[in-house]
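One letter stands for each residue in the lines below.
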Amino acid sequence: NMLDHVTGSGTGVLGDTKQFETTLQSGKYVLSDKTRGKGIETYSANNRTTLPGTLLSDSDNYWTDGAAVDAHAYAQRTYDYYRDVHNRNSYDGNGALIRSTVHYSTRYNNAFWNGYQMVYGDGDGSTFLPLSGGLDVVAHELTHAVTEKTAGLIYQNESGALNESISDIFGAMIDDDDWLMGEDIYTPGTNGDGLRSLEDPSEYGDPDHYSKRYTGSQDNGGVHINSGINNKAAYLLAEGGTHYGVNVNGIGREDTAKIYYHALTHYLTPYSNFSAMRRAAIQSATDLFGASSKQVKSVQAAYDAVGVK
Ligand SMILES: O=C(O)[C@H](CCc1ccccc1)CC1(C(=O)N[C@@H](Cc2c[nH]c3ccccc23)C(=O)O)CCCC1
Ligand SMILES: [Zn+2]
């Protein structure tokens, strides 16, 4: 029970020391946090693909498995963000248990939410470090669970690109030191690059305007590609800028996050497309800040700038 919760400490993927909640269970410490909702648990797949694998334990509560330390600590950080900023208790709003598994498969260069839990590969050491080492990656994956429980955006074509964009947006809001995705764990040999950029999607070949959307069938109809269009809109809404000649006055990360969370939980539906996203964001800004607010004006400008009507 709560009384057995103890603070552990350890080093993450990048060698940084951090603290996180663990539990003393049968004489050993386990990566189980009973202080948040129904719990946060972190497992290892031991380089196989059977899930969830084995609950991680340690004899002295000082942890040296970086992938496990970060998966556990960053899940707690993400839980706290949704609770403190959006008053949401875990991904289902009802304290659902959050489960992660690290060391999935061998040299696995990816991570995913499988509908029940988060799963992280260790990477091959040159393209990726263990992917739970990115707070934005952990937040991205857990946000897929939030989306599933709320708007339920179908993971293909435009609704799928919005699903992806929502995860990138909250990844950037929680890991709020830049507008890149995955920069901490992508290509350790190259500084400053990432998987995607919300600030400039075209930096990694993704569209930053609706007229440049991908219409093929790869990647479930370009869900990780066309996310760039809505990602750019969110970036412009937060930071402002002039894009294809359209000027947007920034409203800041905090109000931007409030608008997207409100849209996700009140207006977006499984088949929402980009035009529906524009309307949902305008309505959300209206609900939150008023019809003639600067926030509403900036939402309209941001979607004008990326060519979404
Ligand atoms: O959650 C997601 O959207 C991605 C889930 C990918 C996946 C889906 C289904 C089964 C297995 C894996 C995972 C992430 C992602 O964006 N993956 C991209 C880019 C990528 C990562 N590793 C790759 C290896 C090869 C090609 C592309 C990639 C993708 O899978 O497209 C999100 C943050 C970082 C990793
Ligand atoms: Zn995703």
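Residues numbered from 1 in each chain as written. Chains lettered and ligands numbered in written order. Predicted model: local features only at pLDDT ≥ 70, side-chain atom pairs only at ≥ 80, totals over all residues. Heavy atoms only, no water.

By the naming in an unreviewed UniProt entry, the protein chain goes by Neutral metalloproteinase and is assigned to Brevibacillus agri. The record held by UniProt for the protein chain lists under Sequence similarities (unreviewed entry) the comment "Belongs to the peptidase M4 family." Regarding the protein chain, the relevant UniProt record gives this comment under Cofactor (unreviewed entry): "Zn(2+)". (UniProt positions renumbered as here; feature names shortened; annotations may be inferred.)

Caption draft 1: Just the sheet that holds strand β1 (residues 5–11), in detail. If you trace the five strands from one edge of the open sheet to the other, you get β7-β3-β2-β1-β8, paired in mixed fashion. Looking at the sheet topology across the chains shown, the edges are occupied by β7 (57–58) and β8 (62–63). With two bridges connecting them, β1 and β8 associate as parallel partners. Within β8, the residue paired with Gly10 across the bridge is Trp63. Seen against the sheet, helix α1 (residues 66–86) touches β1, β2 (17–25) and β8 and runs at an angle of roughly 90 degrees to β2. (Pairing = 2+ DSSP bridges. Helix = DSSP H or I, 4+ residues; strand = E, 2+ residues; numbered from the N terminus. Contact = heavy atoms within 4.5 Å. Axes fitted to C-alpha atoms, helices over the stretch in contact; angles between N-to-C directions.)

Caption draft 2: Here's a closer look at the UniProt feature "active site" (unreviewed entry) in the protein chain. Here, the residues flagged by UniProt with the feature "active site" (unreviewed entry) are Glu141 and His224. Look at the named residues: they lie 84 residues apart in sequence, but the longest C-alpha span between them is just 13.3 Å, so in the fold they bunch up. Its place among the elements puts Glu141 in helix α2 (residues 135–149). Look past the residues within four positions of Glu141 in its chain and what remains in contact with it is Ala111, Phe112, Trp113, Met118 and Tyr120. A distance of 3.3 Å separates a polar atom in the side chain of Glu141 from the backbone nitrogen of Trp113. By secondary structure assignment, the location of His224 is in the loop between α4 (218–222) and α5 (227–239). Dropping the residues within four chain positions of it, His224 is found in contact with Tyr155, Glu164, Arg196, Asp206 and Asp219. (Polar contact = N/O pair within 3.5 Å; in protein donor to acceptor, adjacent residues only side chain to side chain.)

Caption draft 3: Spotlight on the coordination of the zinc ion (ligand 2). Every protein donor of the zinc ion (ligand 2) is listed here as His140 (NE2), His144 (NE2) and Glu164 (OE), and their distances to the metal cover 1.9 to 2.0 Å. Sequence positions of the donors to the zinc ion (ligand 2) reduce to the motif H-x3-H-x19-E. On the criterion of helical spacing, the pair formed by His140 and His144 is a turn pair, its members being four residues apart in helix α2. (Donors = N, O, S within 2.8 Å, 3.2 Å for Na, K, Ca; no water.)

Caption draft 4: Inspection of the packing of α1 against helix α3 (residues 157–174) at higher detail. Axis separation between α1 and α3 bottoms out at 11 Å; the angle between their running directions is 90 degrees. By the angle between their axes, α1 is roughly perpendicular relative to α3. Judged by residue contacts, Arg77, Thr78, Tyr81, Tyr82 and His86 of α1 engage Phe170, Met173 and Ile174 from α3. (Parallel < 35°, antiparallel > 145°, perpendicular 65-115°, else oblique.)

Caption draft 5: Spotlight on unusual backbone geometry. Residue Pro52 follows Leu51 across a cis peptide bond; omega there is 0 degrees. Take Pro52: it is sitting in the loop between β5 (40–44) and β6 (54–55). One non-glycine residue, Arg107, lies in the positive phi region at around 50 degrees. Residue Arg107 is classed as exposed on the basis of its relative accessible area, which comes to 56%. The phi angle at Thr187 is positive, at roughly 40 degrees, despite the residue not being glycine. (Buried < 20%, exposed > 50% of the residue type's maximum accessible area, 1.4 Å probe, protein only.)

Caption draft 6: Focus on the site of ligand 1. Taken together, 14 residues surround ligand 1, and among them Asn109, Glu141, Glu164, Arg196 and His224 come closest. Contacts to ligand 1 include Asn110, whose side-chain N or O atom sits 3.0 Å from an oxygen atom. Between Glu164 and ligand 1, the recorded distance is 2.7 Å, taken from a side-chain N or O atom to an oxygen atom. Relative to its unbound accessible surface of 670 Å², ligand 1 loses 65% to contact with the protein. (Near = heavy atom within 4 Å. Areas by Shrake-Rupley, 256 points an atom, 1.4 Å probe, with all protein chains shown as cover.)

Caption draft 7: Region of interest: the packing of aromatic side chains. Under the counting rule described, the total for this entry stands at 11 aromatic pairs. Three or more aromatic residues joined by ring pairs make a cluster, and in this case those are Tyr81, Tyr82, Phe170 and Tyr261. A cation sits over an aromatic face here: Arg213 above Tyr210, 3.9 Å from the ring centre. Above the ring of Trp179, the side-chain terminus of Arg253 is found at 4.1 Å from the ring centroid. (Phe/Tyr/Trp six-rings, centres within 6.5 Å; stacked < 30°, edge-to-face > 60°. Lys NZ or Arg CZ within 6 Å of the ring centre and 35° of its normal.)

Caption draft 8: Layout of the pairing of β2. Sheet topology note: the β1/β2 ladder contains seven bridges and is antiparallel. In the sheet register, Thr7 faces β2, and the bridge partner there is Glu21. Adjacent in sequence and paired antiparallel, β1 and β2 are bridged by five residues, among which Gly15 carries a positive phi angle near 85 degrees. Here β2 pairs with strand β3 (residues 28–30) via three bridges, running antiparallel. Each bridged residue has a counterpart across the sheet, and for Gln25 the counterpart in β3 is Lys28. Linking two consecutive strands that pair antiparallel, namely β2 and β3, is a turn of two residues; a positive phi of about 50 degrees is found at Ser26 within it.

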